[in-house]
Amino acid sequence: MKNRLKEFRESFRLTQEQLGELVGVSRQAINSIETEKFEPSIWLAYDISKIFNCSIEDVFLFEESERKSRSQQSRGVV
């Protein structure tokens, strides 16, 4: 999932470690989200968006993907 987390974090002058502490995850988790290696839970995405006083959609970009979603995979959608 694409995101603007690094952009928001830097505009608030927060390090990855500081943001992680604010939302209860490690610096490594924040790094993994920023580099799109990990997708946050809806609750973590919500907590992150609240730190920046914006909506989840402002930080996390929900674009149509060529990759099938988990729900499509479980239903066998082609």
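Since the structure is predicted, the reported quantities are computational estimates derived from the model, not experimental observations. (Residues numbered from 1 in each chain as written. Predicted model: local features only at pLDDT ≥ 70, side-chain atom pairs only at ≥ 80, totals over all residues. Heavy atoms only, no water.)

Quick one: what's the story with a nonpolar patch on the surface, residue by residue and with numbers?
On the surface, Ile42, Trp43 and Tyr46 cluster together into a nonpolar patch covering about 400 Å² of accessible area. Within the secondary structure layout, Tyr46 lies in helix α4 (residues 42-51). (Patch = residues over 30% accessible without salt bridge, like charges linked within 9 Å, V, L, I, M, F, W, Y side chains within 5 Å. Areas by Shrake-Rupley, 256 points an atom, 1.4 Å probe, with all protein chains shown as cover. Salt bridge = Lys/Arg side-chain N within 4 Å of Asp/Glu carboxyl O. Helix = DSSP H or I, 4+ residues; strand = E, 2+ residues; numbered from the N terminus.)

For the side chain of Glu34, give the residues involved together with the corresponding values.
Looking at the element boundaries, Glu34 is found in helix α3 (residues 27-34). Within the local environment of Glu34, its side chain forms a polar contact with the side chain of Arg9, the two groups lying 2.5 Å apart. If we skip the residues at most four places from it in the chain, Glu34 touches Asn3, Leu5, Lys6, Arg9 and Gln16. (Polar contact = N/O pair within 3.5 Å; in protein donor to acceptor, adjacent residues only side chain to side chain. Contact = heavy atoms within 4.5 Å.)

Provide a residue-level description of the side chain of Asn3, including the pertinent values.
If you trace the backbone, Asn3 turns up in strand β1 (residues 2-3). The class of Asn3 is buried, set by a relative accessible area of 14%. Separated by 3.0 Å, the side chain of Asn3 and the backbone nitrogen of Leu5 make a polar contact. Only 2.7 Å separates the side chain of Asn3 from the backbone oxygen of Ile33, close enough to count as a polar contact. Those residues within four positions of Asn3 in sequence are excluded, and the remaining contacts are Ile33, Glu34, Glu36, Val59, Phe60 and Leu61. (Buried < 20%, exposed > 50% of the residue type's maximum accessible area, 1.4 Å probe, protein only.)

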